[in-house]
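Take a look at the letters that make up each chain.
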Amino acid sequence: QLQFVESGGGLVQPGGSLKLSCTSSGFRLDSYRVGWFRQAPGKERERVACINFPRGSIFYLDSVKGRFAISGDNAKKTAYLHMSNLKPEDTGTYYCARGLRSGYGCFGDWDDQTYGMEYWGRGTPVTIST
């Protein structure tokens with residue numbers, strides 16, 4: 001059974017930090033693209049960070065630059081999202097997804113920011129609040 005599982009979410013105060021993990025079971029990540037997306041209540045799912053797994057080109061949403069860091073560990077088939085100086089607007093359910101490195105998913109500029117991504121996890125909730 002193919003699985004993509006996110007973990008590490010929780011409740012933190014503004015200015016705090018979290019590390020999210022995304023682990024693949026049944027499919028490879030090496031030579032693919034891995035992205036982190038988030039969705040707040042009533043809003044579209046938005047692209048947060050992408051990487052050509054495990055150590056290639058990286059994209060960040062402007063509002064998270066300097067605060068978030070995406071990385072990959074090929075031996076563990078795991079992608080990470082290190083988040084610091086968290087803000088209330090970072091609240092949402094965070095999802096991990098895989099796309100083709102030869103395609104436009106994650107790094108492309110599309111109206112649907114999830115375009116080109118194939119396998120998705122079920123998400124891990126992140127809440128930033130006092």
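Structure: see above.
The structure presented is a predicted model; accordingly, all values stated were derived computationally and were not measured. (Residues numbered from 1 in each chain as written. Predicted model: local features only at pLDDT ≥ 70, side-chain atom pairs only at ≥ 80, totals over all residues. Heavy atoms only, no water.)

Student: Just to check I follow, could you spell out the overall build of the protein chain for this structure?
Tutor: Per the secondary structure count, the protein chain includes zero helices and eleven strands. A compact globule built from 130 residues should have a C-alpha radius of gyration of about 14 Å, and the protein chain, at 14 Å, falls within 12% of that. For the protein chain, the spread of C-alpha atoms along the three principal axes comes to 40 × 30 × 25 Å. Residue burial in the protein chain is summarised as follows: out of 130 residues, 42% are buried. Residue pairs at least 24 apart in sequence account for 61% of intrachain contacts in the protein chain once pairs closer than 6 positions are excluded. Entry remark: accessible area of the protein chain is about 6,900 Å², with carbon and sulfur atoms responsible for 46%. (Helix = DSSP H or I, 4+ residues; strand = E, 2+ residues; numbered from the N terminus. Rg over C-alpha atoms; globule rule 2.2 N^0.38 Å. Buried < 20%, exposed > 50% of the residue type's maximum accessible area, 1.4 Å probe, protein only. Contact = heavy atoms within 4.5 Å. Areas by Shrake-Rupley, 256 points an atom, 1.4 Å probe, with all protein chains shown as cover.)

Student: Can you help me understand the sheet that holds strand S3 (residues 18-25) in this one?
Tutor: The pairing of strands in a sheet comes from backbone hydrogen bonds and takes either a parallel or an antiparallel form. Within the open sheet, the four strands sit side by side as S1-S3-S8-S7. Their pairing is antiparallel. Only two strands of the sheet have a single partner each, and these edge strands are strand S1 (3-7) and strand S7 (68-73). Neighbour-to-neighbour, the strand axes of this sheet turn through a mean angle of 15 degrees, independent of strand direction. As judged from the six bridges shared by S3 and strand S8 (residues 78-83), these two strands associate in the antiparallel manner. Directly across from leucine 18, in S8, lies its bridge partner methionine 83. (Pairing = 2+ DSSP bridges. Axes fitted to C-alpha atoms, helices over the stretch in contact; angles between N-to-C directions.)

Student: How should I be thinking about the layout of surface pockets in this particular structure?
Tutor: Taken as a whole, the largest pocket spans an internal volume of roughly 180 Å³. Taken together, Leu2, Gln3, Phe4, Val5, Glu6, Phe27, Tyr119, Trp120, Gly121, Arg122 and Gly123 make up the full set of residues lining the largest pocket. Elements represented by at least two residues in the lining of the largest pocket include exactly S1 and strand S10 (117-120). No other element matches the four residues that S1 contributes to the lining of the largest pocket. Residues of the lining of the largest pocket, tallied by class, amount to six nonpolar, three polar and two charged. (1 Å grid on protein atoms, 1.4 Å probe; cavity = no way out; pocket = protein on both sides within 12 Å on 5 of 7 lines; lining within 4 Å. Points joined across faces, edges and corners; volume = space filled by probe spheres on them. Nonpolar A, V, L, I, M, F, W, Y, C, P; charged D, E, K, R; others polar.)

The analysis is restricted to geometry; functional conclusions fall outside its scope.
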